[in-house]
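Each chain is listed here by its residues.
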Amino acid sequence: MWSLFKVECVRFRTWAVIAALVHLCALGFGTRLMDLAQQTLPIHRAIGGVYALAGALLGLYQIGGYRRGSHWVTLLHRPVPPTRIALTLCGAAGVVLLVAVLLPTLLLAAWQQGTTARVVDLRHWLLPGVAWLSAMAGYLAGAFWALRGPRTALAAVALLAWLAFADATGIAMLAVELLVAAWLLALVLCAFRPDVEATPRGPWASALLALPLSAGAYLVVLLMLFGAEFLWIAQGSHPLNTAVPPPGGHTEAEKMEPRARMLRALHDARPADLERLQAAAEAGKPQGLTVRFRQLPQRNALSNLTSLQFDDPERHVRWTFSHDRMRLQGENLLSGHAAGTLGIGPQREAFPYVAVPIGHLPGLPDDDTALLAGDTLYRYDSADQTITRWLGVPNEESIAGVGRINGRWALMSDKALYFYRADAALAEAASPKLLTRIALPTPTARLSSLDMIALSDGVLVCLVDSELAHAEDGTRPALLLLRGFDDGRPPVLHSTPLSFDYPALHRYRSWWPSPALHAALEQARAVFAPTSPLSAATPAPLPMSIMAFAGCLLLASAACAAYYAHREGLAGRVRLAWIVFCGFVGLPGLAAMMLMRPRSRPSI
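Worth saying up front: this structure is predicted, and the values here are computed from it rather than measured. (Residues numbered from 1 in each chain as written. Predicted model: local features only at pLDDT ≥ 70, side-chain atom pairs only at ≥ 80, totals over all residues. Heavy atoms only, no water.)

Draft legend 1. Quick peek at the packing of helix α2 (residues 41-66) against helix α6 (residues 127-148). One can describe the packing of α2 onto α6 by two numbers: an axis separation of 6 Å at closest approach and a directional angle of 40°. Of the possible angle classes, the one that applies to α2 and α6 is oblique. Here α2 and α6 pass one another in a crossing that is right-handed. Facing H44, G48, Y51, A52, G55, A56, L58, G59, L60, Q62, I63 and G64 of α2, the residues of α6 in contact are L127, A131, S134, A135, G138, Y139, G142, A143, W145, A146 and L147. Residue composition of the contact of α2 with α6, by class: 14 nonpolar, nine polar and no charged. (Axes fitted to C-alpha atoms, helices over the stretch in contact; angles between N-to-C directions. Helix = DSSP H or I, 4+ residues; strand = E, 2+ residues; numbered from the N terminus. Parallel < 35°, antiparallel > 145°, perpendicular 65-115°, else oblique. Left-handed = near helix turned anticlockwise from the far one by under 90°. Contact = heavy atoms within 4.5 Å. Nonpolar A, V, L, I, M, F, W, Y, C, P; charged D, E, K, R; others polar.)

In structure tokens, the structure reads:
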């Protein structure tokens, strides 16, 4: 096996060196344009997709070359188990990808830390390993495709999709990648035998292939339903592209102008001073949040949800938040040298949470920047080059949004709205005056819009609770009106229910094809992922009609599996296992059964 390993390494050494040089040049060019280590999650996912594609091409070329006729017989005609041959080929490919993918990224990280003032944290040293594992997962997927053909390649595609949509962060993401790579390696080892097109033998081998193959078929069903929605849009009756939205629905409320939406909420609530409030809404301009977060940043996450950098244009300094130091490090944009470190206050204390620059807010000096970290809003004073605590929320809540209406600052946490006097907040940063706290009647994760106006005695807030109302994760939509008072009176809430604009069959299109797979994929996506208070929400109850429809599909899948198993001559435990599997998983399980056990051709 050592000779085969050396032959494979020598065979691809030239291509590995060329790929490494091209990769290093591409990274060098990219790092001159931007700080690649500080990019956001979508950019890092796109780069990881390139690595996975390169690995898949290597797997298709290497294993596909051996799969041709006599080459396959010659490869396996050795006095060693096929498993050892497969591991040798995969090990050689891993070395090739180490040279082509991991080595250039390590050299870039070392160059950036040793010769620049840019931030290189411990989490950035994990990125080369993530890149190599992504390439290895792509290679194993390509090798499995080359062995089994496109019929069962959906299993490998589903496992790669797991990497693309996983919510894990930091070292936990490495664990997910290792799990996916191990699963793909098991598929390759099971398929690496003389008769590669034969059905896997044994319950464990069958389960290793049937589960991701069912998930791949499930993803195909979702893509088909997505295409059907495009046809619905082209037909012209889709709620989002009709000339007049359905009356009384959440789409109508979402498309309204903020003033019209607030007036409608007032008309439905009919408070005692309706005329005064209507006049205030018509005279003023409802304001929304300037900044809003859907997720909270996690310490040592491999990628950023949003940029952790901001510039001081007067001093030509770029400040970048460091996860290791929990402080801001400066880089002079003209010379490239280090420009010091910033923390909280004159003692430059470390931030308790990851600090996210949210830019310039109305009412601040032009060069000042606000930073958000957990439950506190901080202010960077450009004149003194200091960071001070500015506004905060109590009770261990997390700030999810910031805005300003007239003379008030508005903070939205995961549980309530807080309103502070703006002039007092600027003059007395240590003790701003809290005017009003309004508890939110619905989770912030499902708020599609928030409009506010300031009154002489308080604030008026209009909310639309309709985020994801077109999907199964959405709550029951409603138009909410909140009124807070500065004199300490309890807030007043009025809720107007809104109707669903999409039929239940469309809203639950990712659930009824396979309830079991839907739950399993949601759990797989959230494995090792941190919990976030900003994403907590209670979906609307599942309609009985959808549950009955899904149950009918499960029964039909089990019946079709019984007929197909009888037709193919399956008997005993194998037949019973497939019937139970299809009855539990549904139509995707039936598709996996038919793909794994294609219809036998009659002999001539």
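Draft legend 2. Summary view of the pairing of strand β7 (residues 369-373). With five of its five residues buried, β7 lies for the most part within the structure. The two faces of β7 match: T369, L371 and A373 on one face and A370 and L372 on the other face are all buried. Pairing analysis gives three bridges linking strand β6 (residues 356-359) to β7, with the strands arranged antiparallel. Across the sheet, the residue bridging to G359 is A370, located in β7. Summarising the sheet, β7 and strand β8 (residues 376-381) pair through five bridges and their orientation is antiparallel. The residue of β8 that forms the bridge with L372 is L377. Connecting β7 to the antiparallel partner β8 that follows it, the hairpin turn spans two residues, and G374 within it adopts a positive phi of roughly 65°. (Buried < 20%, exposed > 50% of the residue type's maximum accessible area, 1.4 Å probe, protein only. Pairing = 2+ DSSP bridges.)

Draft legend 3. Region of the structure containing the packing of aromatic side chains. Counting across every chain of the model gives ten aromatic pairs. Both rings, one in W2 and one in F5, keep their centres 5.4 Å apart while their planes meet at 20°; by these two values the pair is stacked. Highlighted residues: W2 and F5, both in helix α1 (residues 2-33), separated by three residues, approximately one helical turn. Each ring, one from W232 and one from Y502, has its centre 6.1 Å from the other, and the planes form 90°; the classification is edge-to-face. Of this pair, W232 sits in helix α9 (residues 203-235) while Y502 sits in the loop between β17 (492-497) and α14 (504-507), and the two are 270 residues apart along the sequence. Residue class for W232 comes out partly exposed when judged on its relative accessible area of 21%. An aromatic cluster of at least three residues, connected via ring pairs, comprises F321, F351 and Y378. Above the plane of the ring of W409 lies R404, whose end atom (NZ or CZ) is 5.1 Å from the centre. (Phe/Tyr/Trp six-rings, centres within 6.5 Å; stacked < 30°, edge-to-face > 60°. Lys NZ or Arg CZ within 6 Å of the ring centre and 35° of its normal.)

Draft legend 4. Highlighting the sheet that holds β7. With respect to topology, four strands assemble into an open sheet ordered β6-β7-β8-β9, the strand pairing being antiparallel. The open sheet has two edge strands with one neighbour each: β6 and β9 (386-392). In this sheet, neighbouring strand axes are inclined to one another by 35° on average, regardless of whether the strands run parallel or antiparallel.

Draft legend 5. Looking closely at the sheet that holds strand β12 (residues 416-421). In space, the five strands of this open sheet follow the order β1-β10-β11-β12-β13, with antiparallel pairing throughout. At either margin of the open sheet sits one strand with a lone partner, and together these are β1 (291-292) and β13 (434-439). Sheet topology note: the β1/strand β10 (residues 399-405) ladder contains two bridges and is antiparallel. Residue pairing for β10: V291 is matched across the bridge by V402.

Draft legend 6. Examining the environment of D457 more closely. By the element assignment, D457 lies in the loop between β14 (447-454) and β15 (458-465). Here D457 is in contact with R276, R483, G484, F485, D486 and R489, once residues within four sequence places are set aside. Looking at D457, its side chain comes within polar contact range of the side chain of R483, at 3.4 Å. (Polar contact = N/O pair within 3.5 Å; in protein donor to acceptor, adjacent residues only side chain to side chain.)

Draft legend 7. Quick look at the side chain of D451. Along the polypeptide, D451 turns up in strand β14. A distance of 2.9 Å separates a polar atom in the side chain of D451 from a polar atom in the side chain of R261. With residues up to four places along the chain from it excluded, the contact list for D451 reads P258, R261, M262, P286, Q287, L460, V461 and C462.

Draft legend 8. Expanded view of unusual backbone geometry. With phi around 55°, E396 is a residue other than glycine that occupies positive phi space. Relative to the elements of secondary structure, E396 occurs in the loop between β9 and β10. Among the residues examined, E396 registers a relative accessible area of 78% and is labelled exposed.

Draft legend 9. Just the pattern of salt bridges, in detail. Tallying each qualifying case throughout the model produces 20 salt bridges. R318 serves as the salt-bridge partner of D311, at 2.8 Å between the closest nitrogen and oxygen. Judged by its relative accessible area of 29%, R318 is partly exposed. Residues D457 and R483 are paired through a salt bridge, measuring 3.4 Å at the closest nitrogen-oxygen approach. You can see D457 sitting in the loop between β14 and β15 and its partner R483 sitting in strand β16 (residues 478-485), a full 26 residues away along the chain. Under the relative-accessibility criterion, D457 is labelled partly exposed at 22%. Each of D273, R276, D457, R483, D487 and R489 takes part in a single network of salt bridges with overlapping partners. (Salt bridge = Lys/Arg side-chain N within 4 Å of Asp/Glu carboxyl O.)

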